[in-house]
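Results of the structural survey
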Amino acid sequence: METKDIILELRNKHGLSQEQLAEKVFVTRQAVSRWETGETVPNTETLKLLSKLFDVSINTLLGSPRKLICQCCGMPLEDSSISKEPDGTYNEEYCKWCYTDGKFVYTSLDELTDFLVGHMSNDQFPPEKMRAYLNEMLPTLNHWK
């Protein structure tokens, strides 16, 4: 989906006219119209306002051009699992289980690895195989570099 379609869909879903949306994000009705026709896209500050207003990530507003993964545990990120800062803005680097209320949950790589091995091991990936995989993959993520 393109940004123009996403903004139109979200505006309609929230029952807002172009004028009402414009007022909420401090732009003109014409600006909203240009976004919805694809003539322009919102600037960075307006994307932040739209993200907060519609409770979706900026990545979603832009048509999900990047496949986001948590830079702590490696889990794929969707809007429902992306962490938020204390002010309510999305932090698109981490999941809500690794980063909550502006703080990291896991204080060490070993602590995270132990938790994940305990919850992700199964018949195909017994604990020792899961631990070996995590010991190779987790250090490549930004949080642990």
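Structural notes, computed from the coordinates. (Residues numbered from 1 in each chain as written. Predicted model: local features only at pLDDT ≥ 70, side-chain atom pairs only at ≥ 80, totals over all residues. Heavy atoms only, no water.)

1. Digging into the pattern of salt bridges
Applied cut-off: Throughout this description, the term salt bridge denotes a Lys or Arg side-chain nitrogen within 4 Å of a carboxyl oxygen of Asp or Glu. Strands are runs of DSSP state E lasting at least two residues, helices are runs of H or I lasting at least four, and both sets are numbered from the N terminus onward. Relative accessibility under 20% of the residue-type maximum defines a buried residue, over 50% an exposed one, and the middle range a partly exposed one, all with a 1.4 Å probe and only protein chains included.
Counted by the stated rule, this structure contains five salt bridges. Note that R66 is salt-bridged to E92, the shortest N-O span being 3.1 Å. With R66 in the loop between α5 (58-61) and β1 (82-84) and E92 in strand β2 (residues 90-95), this residue pair connects regions lying 26 residues apart in the sequence. For the salt bridge of R131 with D114, the shortest nitrogen-to-oxygen distance reads 3.0 Å. One end of the pair, R131, is in helix α7 (residues 127-137); the other, D114, is in helix α6 (residues 109-120), with 17 residues separating them in the sequence. Residue D114 is classed as partly exposed on the basis of its relative accessible area, which comes to 44%.

2. Thoughts on the packing of α6 against α7
The condition that has to hold: Lines fitted to the C-alpha atoms define the axes, with helices restricted to the stretch that makes contact. Angles between their N-to-C directions range from 0 to 180 degrees. Orientation labels follow simple angle bins: below 35 degrees gives roughly parallel, above 145 gives roughly antiparallel, 65 to 115 gives roughly perpendicular, and whatever is left gives oblique. For any pair of crossing helices, the crossing counts as left-handed if the nearer helix is rotated counterclockwise from the farther one by less than a right angle, and right-handed if it is rotated clockwise. Residues count as neighbours in contact if any of their non-hydrogen atoms are within 4.5 Å of one another.
Packing of α6 against α7 brings their axes to within 9 Å, and their N-to-C directions diverge by 135°. Classified by the angle between their axes, α6 and α7 sit oblique to one another. Regarding α6 and α7, the two cross each other, and that crossing is right-handed. Packed against α6, whose contacting residues are T113, D114, L116, V117 and M120, the element α7 presents P127, M130, R131, L134 and N135 at the interface.

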